[in-house]
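# A look at the structure
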Amino acid sequence: MKLSILPKIIIACVIVVFILWTLTPVLWMISLSFKPYGEWRTPHLLPQKPTIDNYRMLFTPQALQIFIAYTAIIEPVTGPLTRSLIVSITATIIAVIIGFFTAYGASRYNTPGPFVLFFTLLTRMLPPATFLTPIMVYFTTLGLFDNIAGLILLYSATTITYAIWIMKGFIDAIPVEWEEAALMEGAKPLEVLFKVVLPIARPGLVVSGLFIFLMAWTELLFALVLTNVNAVTLPVQISKYVTAVGALWGTQAAIALLGSIIPVIIGYMIQRHLVTGFTFGLVRA
Amino acid sequence: MPERPPRSIKILATLPLNILLNGVLIVPFAIMIYLAFVKWSPLMGINWWEAPFIAISNFQRALSDSRFISALSRTALFVSVVVPLEFILGLVVAYILQSEFIGKKYLVALLIYPLMLPPVVVATVFYLFFQPYGPVNNIFLYYIMGKRALDIYWFLDPTLALVTIIIADVWQWTPFMFLILYSGLSAVPKRLVEAAEVLGASKWRIFWTIRLPLIKPLILIALVLRSLEALKVFDYVYVMTGGGPGTATESISLYIYRLAILYQDISYAAAVSIIVLLIIMIISRVAIYFFIEKR
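Residues numbered from 1 in each chain as written. Chains lettered and ligands numbered in written order. Predicted model: local features only at pLDDT ≥ 70, side-chain atom pairs only at ≥ 80, totals over all residues.

What follows concerns the overall build of chain B. Along the backbone of chain B there are 13 helices and 0 strands. Written out in order from the N terminus, the α and β elements of chain B read α-α-α-α-α-α-α-α-α-α-α-α-α. Taking 19 Å as the expected radius of gyration for a compact globule of 295 residues, we find that chain B reaches 24 Å, considerably beyond that expectation. Taking all 295 residues of chain B together, 40% fall into the buried category. Counting contacts in chain B only where the partners sit at least 6 residues apart, residues at least 24 apart contribute 70% of the total. (Helix = DSSP H or I, 4+ residues; strand = E, 2+ residues; numbered from the N terminus. Rg over C-alpha atoms; globule rule 2.2 N^0.38 Å. Buried ≥ 20, exposed ≤ 12 C-beta atoms within 10 Å, placed from the backbone. Contact = placed C-beta atoms within 7 Å.)

Structure, rendered in structure tokens:
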């Protein structure tokens with residue numbers, strides 16, 4: 001596109017405004033997380049006396065006890081952080097393994113049928129809040145309340161949609177002839193699956209796995225409902241700092257940033273596939 | 001490939017998925033339908049399978065529950081504000097970035113980071129952003145309105161509180177629209193646009209008659225997915241306003257959450273959930289008919 005000078009200026013302005021709009025909130029948060037208590041409410045853009053006290057408070061929150069009565073909240077952030085990692089990684093592994101088999105069947109043999117595939121999409125599209133009541137009752141009855149095993153099961157069941165649909169796209173792109181050739185050579189169907197399809201579909205496994213990790217890592221609603229003390233995940237801890245602790249701006253900023261590091265790294269690792277992921281493979285970038 | 005799957009493949013491709021979906025989602029769904037027709041709360045001191053049957057009273061109660069109706073209409077309002085806003089903003093930026101310049105690749109990468117952040121983090125960011133002495137009042141508005149800016153309490157005013165939630169959602173999900181539309185527009189064949197330019201069509205005309213029609217399916221997918229996603233809104237409301245002031249910003253997800261957790265009114269929450277599910281299914285069915293099947 002060739003442009004004359006005036007539209008160019010307008011376009012540059014729009015882009016600059018959009019960049020500012022996108023960057024300002026998080027840049028200000030980073031600055032806030034390094035400000036000492038006295039500077040939180042001042043209009044300075046940069047911390048005058050930078051400090052890491054806000055981060056230290058997250059790991060050794062005794063100082064918080066003055067402000068709050070809840071014991072669950074003042075747990076050091078390492079607990080929720082490890083739990084979030086365990087839950088997200090395990091749920092990802094379960095969803096990717098089951099999703100791989102399902103996607104292969106869906107791509108090659110029309111199993112498990114259009115209805116089940118549609119149902120998986122439906123579980124992802126309808127508001128999770130509508131499933132909240134029975135999940136709570138059911139998990140409590142099974143003894144999975146406040147138990148990370150419950151969260152793992154729930155997350156793998158609700159994110160498997162992405163595993164199936166993203167990987168189906170990758171497997172669809174593998175020529176069927178390769179598998180047929182292997183079958184002709186006398187390989188068993190399972191050998192074909194593990195030795196021919198799996199190695200070629202590995203990028204699909206990685207992309208869907210990272211995407212599912214992102215989804216499990218950021219989930220708040222069910223984590224809020226299904227946890228109390230023993231299974232609090234990082235999003236719940238972040239929300240508790242805001243809803244229950246109150247005016248500790250610097251610490252709130254610090255924990256929010258701490259919770260964004262891993263998802264942003266993963267997001268950029270699968271940047272080219274984000275569109276595919278968010279649209280269940282309906283749109284290929 | 002053989003038409004029918006070998007036994008081993010068939011088992012692997014259906015059994016684990018069925019166990020997971022049945023065990024974790026189908027059984028609760030059945031429980032939800034059961035709960036909607038009984039009267040049960042953990043406070044009643046009996047097990048949920050022993051609860052008394054009360055037929056459709058829960059549903060009758062929901063239809064005359066003004067808080068439920070207003071949460072529903074507020075969520076609908078929210079969706080009909082944020083989705084067009086995000087779409088238009090995303091389209092403008094995606095169109096502008098079609099022109100070539102140095103470092104475009106990095107700029108695109110920079111602009112899409114909000115959609116990688118956990119929504120609860122975005123909610124925290126904007127919660128802090130709109131505090132009385134936060135940067136919006138203390139820096140931006142201070143320059144425009146002076147000292148008066150410090151007296152704006154965003155979360156204490158019903159309208160302003162809703163505005164902050166809308167801003168948070170637009171901030172996080174405009175990049176989603178942008179990314180989809182950008183990749184769609186970039187895929188429009190260059191020679192089509194060049195041919196139209198040679199024939200003397202204006203930029204505006206090329207956009208409306210060539211680029212936009214070509215990415216129409218994409219636009220529909222983006223709008224449908226974003227609307228369904230916006231209907232779920234919970235994180236921002238829960239963290240930023242807690243539904244307040246009063247119940248002025250309560251979304252339908254937050255209302256169900258409150259019914260189940262705060263009021264422990266489990267069977268009523270189940271009935272409300274079923275009504276919401278039905279409404280969304282009917283709307284999406286109608287939308288699919290009008291947008292996809294009718295043409």
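What follows concerns the overall build of chain A. Within chain A, the secondary structure is distributed over 13 helices and 0 strands. Across chain A, helices and strands are ordered from the amino to the carboxyl terminus as α-α-α-α-α-α-α-α-α-α-α-α-α. Across its three principal axes, chain A shows a C-alpha extent of roughly 75 × 70 × 30 Å. The buried share of chain A, reckoned over its 285 residues, is 49%. For chain A, long-range pairs separated by at least 24 residues make up 73% of all intrachain contacts whose partners lie at least 6 apart in sequence.

Attention shifts here to the interface of chain A and chain B. Of the residues lining the interface, 77 residues belong to chain A; the matching set on chain B comes to 76 residues. By residue number, the principal contributor to the side of chain A that touches chain B is helix H1 (residues 5-33) of chain A, which donates 10 residues. Residues belonging to the side of chain A that touches chain B are distributed by class as follows: 56 nonpolar, 17 polar and 4 charged. (Nonpolar A, V, L, I, M, F, W, Y, C, P; charged D, E, K, R; others polar.)

All right, on to the packing of H1(A) against helix H3 (residues 66-96) of chain B then. Packing of H1(A) against H3(B) brings their axes to within 10 Å, and their N-to-C directions diverge by 125 degrees. Judged on the interaxial angle alone, H3(B) and H1(A) are oblique. As H1(A) packs across H3(B), the resulting crossing turns out to be left-handed. Taken together, the residues of H3(B) that come into contact with H1(A) (itself represented by Ile11(A), Val14(A), Ile15(A) and Phe18(A)) are Val92(B), Val93(B) and Ile96(B). A per-class count over the contact of H1(A) with H3(B) returns 7 nonpolar, no polar and no charged. (Axes fitted to C-alpha atoms, helices over the stretch in contact; angles between N-to-C directions. Parallel < 35°, antiparallel > 145°, perpendicular 65-115°, else oblique. Left-handed = near helix turned anticlockwise from the far one by under 90°.)

Following Thr111(A), the chain continues to Pro112(A) via a peptide bond in cis, the omega torsion being -15 degrees. For Pro112(A), the location among the structural elements is in the loop between helix H3 (78-108) and helix H4 (114-125). Unlike most non-glycine residues, Ala55(B) shows phi in positive territory, near 55 degrees. Positive phi values are uncommon outside glycine, yet Gln264(B) reaches one of about 55 degrees.

The next point concerns the environment of Phe131(A). Summarising the element assignment, Phe131(A) is placed in the loop between H4 and helix H5 (132-141). Along the chain, Phe131(A) and Ser208(A) lie 77 residues apart, while their C-alpha atoms are 24 Å from each other.

A few words on the environment of Tyr142(B). Relative to the assigned elements, Tyr142(B) resides in helix H6 (residues 135-145). Through-space distance from the C-alpha of Tyr142(B) to that of Phe68(B) is 38 Å; in sequence the pair is 74 residues apart. Non-local contacts of Tyr142(B), meaning those with residues more than four positions away in its chain, are made with Pro43(A), Asn137(B) and Ala149(B).

As a further point, take the packing of H1(A) against helix H12 (residues 249-269) of chain A. Residues and elements named next belong to chain A. Closest axis-to-axis distance for the H1/H12 pair is 8 Å, and the angle between their directions is 120 degrees. In terms of orientation, H1 and H12 fall into the oblique class. For the element pair H1 and H12, the recorded crossing hand is left-handed. Contacts between H1 and H12 involve Met29, Ile30, Leu32 and Ser33 from the former and Trp249, Gly250, Ala253, Ala254, Ala256 and Leu257 from the latter.

On average, residues of chain B carry a pLDDT of 89, and 98% of them reach 70 or more. In the predicted assembly, ipTM is 0.90 and pTM is 0.91. (pLDDT = per-residue confidence, 0-100.)

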